Structures are given as structure tokens and as C-alpha cells.
Amino acid sequence: MADIFVSYAREDRAWVADFTALLTRTYGWTVWWDREIQVGEEFDRVIERELAEARCVIVVWSSCSVESNWVRSEARAAQQARKLVPLRRDEAQLPIEFTSIHTANLADFSRDPTHSGFDEVCRAIRARIQRNDASAAVMSYAVERKGVKPTSSARRWLGSGLLVAGAMTVLY
């Protein structure tokens, strides 16, 4: 399982390669993107599995990716799973369903780890990973100790409760 799944348009591959290399080099996070699909694998099934297993999903919005049904679908799935970290690599108009979600602006990103947009993305990644790790730990405990099989709404509620509890700890 990768820490981060990256959704992007093929035309942005070189930019994504540089960006993910910087994430790995700077923070040591593992990154999965579709260049790792092996010959003979069914790419849709591999993408679905990796998307579900990733702890965080970065969606790279660009003038090319906004036109991709795959990127839109992956972004939608990531948003529903509360794993989405969207970033904009150019001034493309975002799809309407994502315009109300804060999106980091990396239009002027020059592969500098001190760039404010890069820092913003990394803080969001860290938050998603920590939240998903905490939720997974609590769910695992519930299943192992109590024999409870939580529903998806219970997982969302629990994840929200953990965020509130963490925020209250920081504030007090």
C-alpha cells in the first residue's frame, strides 16, 4: 500500500515525476501512479485497488487533466473517501464539482521544497495520512476486540470525531 496515489493527465507526466520525486526525497512517502502498472494487468482494477488502499490521493489539476474522465472519477472517489489533496499546476478552470474545495496553487512551482504551495500540499498529505491511520487503528481495535463491523457512515463519523478530539487536544 502506498502512502499517496497520484491522479494526473498523461500530458503532465514529466511534471508529476519531478513532483513525486520531491515528495519521496523530502518526506520519504511512498507514491503510486499508473506508470507502475505491469504489462498484462487490467489497469482499471489496479487503479481501483491502489486508489482504495492509498492513505491519501493527490489530484493534479491542469488544462489537460480537467478534460480527463479518469482524473475526474479518481478525484470524486478520493473526495468521497476523504483522502483528496487537490493541487493546480496551471490556471485551468476546475470541474464545477471541485470548485468549492480549497486547491493548492502550484502554477509557479519550480521544484523548490520551500515553495508555499508545496508546503501546503505536504501539510494536507500529513493530515490525511494521520487521520486515516488513526481511523484504521480504531476500526481494527473495534473489529478485533469487540467483533464490530462498522458501516461506512460509522467510519466517517469516527474519522470526524477523531479530528475534533485531536483539534481539542491541540487547543487545550
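First, a word on scope: everything that follows refers to the structure included in this document. (Residues numbered from 1 in each chain as written. Predicted model: local features only at pLDDT ≥ 70, side-chain atom pairs only at ≥ 80, totals over all residues. Heavy atoms only, no water.)

1. Looking at the packing of helix H2 (residues 43-53) against helix H3 (residues 69-80)
Packing of H2 against H3 brings their axes to within 11 Å, and their N-to-C directions diverge by 30°. When the axes of H2 and H3 are compared, the pair comes out roughly parallel. Two packed elements cross with a definite hand, and for H2 against H3 that hand is right-handed. Taken together, the residues of H3 that come into contact with H2 (itself represented by Phe43, Asp44, Ile47 and Leu51) are Trp70, Glu74 and Ala77. (Axes fitted to C-alpha atoms, helices over the stretch in contact; angles between N-to-C directions. Helix = DSSP H or I, 4+ residues; strand = E, 2+ residues; numbered from the N terminus. Parallel < 35°, antiparallel > 145°, perpendicular 65-115°, else oblique. Left-handed = near helix turned anticlockwise from the far one by under 90°. Contact = heavy atoms within 4.5 Å.)

2. Overview of the nonpolar core
Counting 25 residues, the largest nonpolar core has Phe19, Ile58 and Ile125 as the members making the most contacts within it. Residue assignment for this core shows that the elements contributing at least two residues are strand E1 (4-7), helix H1 (13-27), strand E3 (56-61), strand E4 (84-88) and helix H4 (116-146). The dominant element in this core, judged by the number of residues it contributes, is H4, at six residues. Trp32, Val59, Leu84 and Leu94 belong to the second-largest nonpolar core, a separate cluster that totals 19 residues. (Core = buried A, V, L, I, M, F, W, Y, C linked by side-chain atoms within 4.5 Å. Buried < 20%, exposed > 50% of the residue type's maximum accessible area, 1.4 Å probe, protein only.)

3. Notes on the environment of tryptophan 32
Mapping tryptophan 32 onto the fold places it in strand E2 (residues 31-32). Its relative accessible area of 6% is what places tryptophan 32 among the buried residues. Sequence separation of tryptophan 32 and leucine 51 is 19 residues, and the distance between their C-alpha atoms is 9.0 Å.

4. So, the side chain of aspartate 12
In this fold, aspartate 12 is placed in the loop between E1 and H1. Given the relative accessible area of 4%, aspartate 12 is considered buried. Among the polar contacts made by the side chain of aspartate 12, one reaches the side chain of serine 62 at a distance of 2.4 Å. (Polar contact = N/O pair within 3.5 Å; in protein donor to acceptor, adjacent residues only side chain to side chain.)

5. Points about H2
For H2, the complete set of buried residues consists of Val46, Ile47, Glu50 and Leu51. Taken end-on, H2 shows its buried residues confined to a sector of 125°, consistent with a single buried face. H2 presents Arg45, Glu48 and Ala52 as exposed residues on the side facing more than 90 degrees away from its buried surface. Of the surrounding secondary structure, the elements contacted by the buried residues of H2 are E1, E2, E3 and H3. (Arc of directions from axis to C-beta.)

6. Some words on the sheet that holds E2
The strand order E2-E1-E3-E4-E5 describes an open sheet built from five strands, whose pairing is parallel. Edge positions in the sheet fall to E2 and strand E5 (104-105), since each of these pairs with one other strand and no more. Where E3 meets E4, five bridges bridge the pair, whose relative direction is parallel. Opposite valine 57, over in E4, you have leucine 84 as the bridge partner. (Pairing = 2+ DSSP bridges.)

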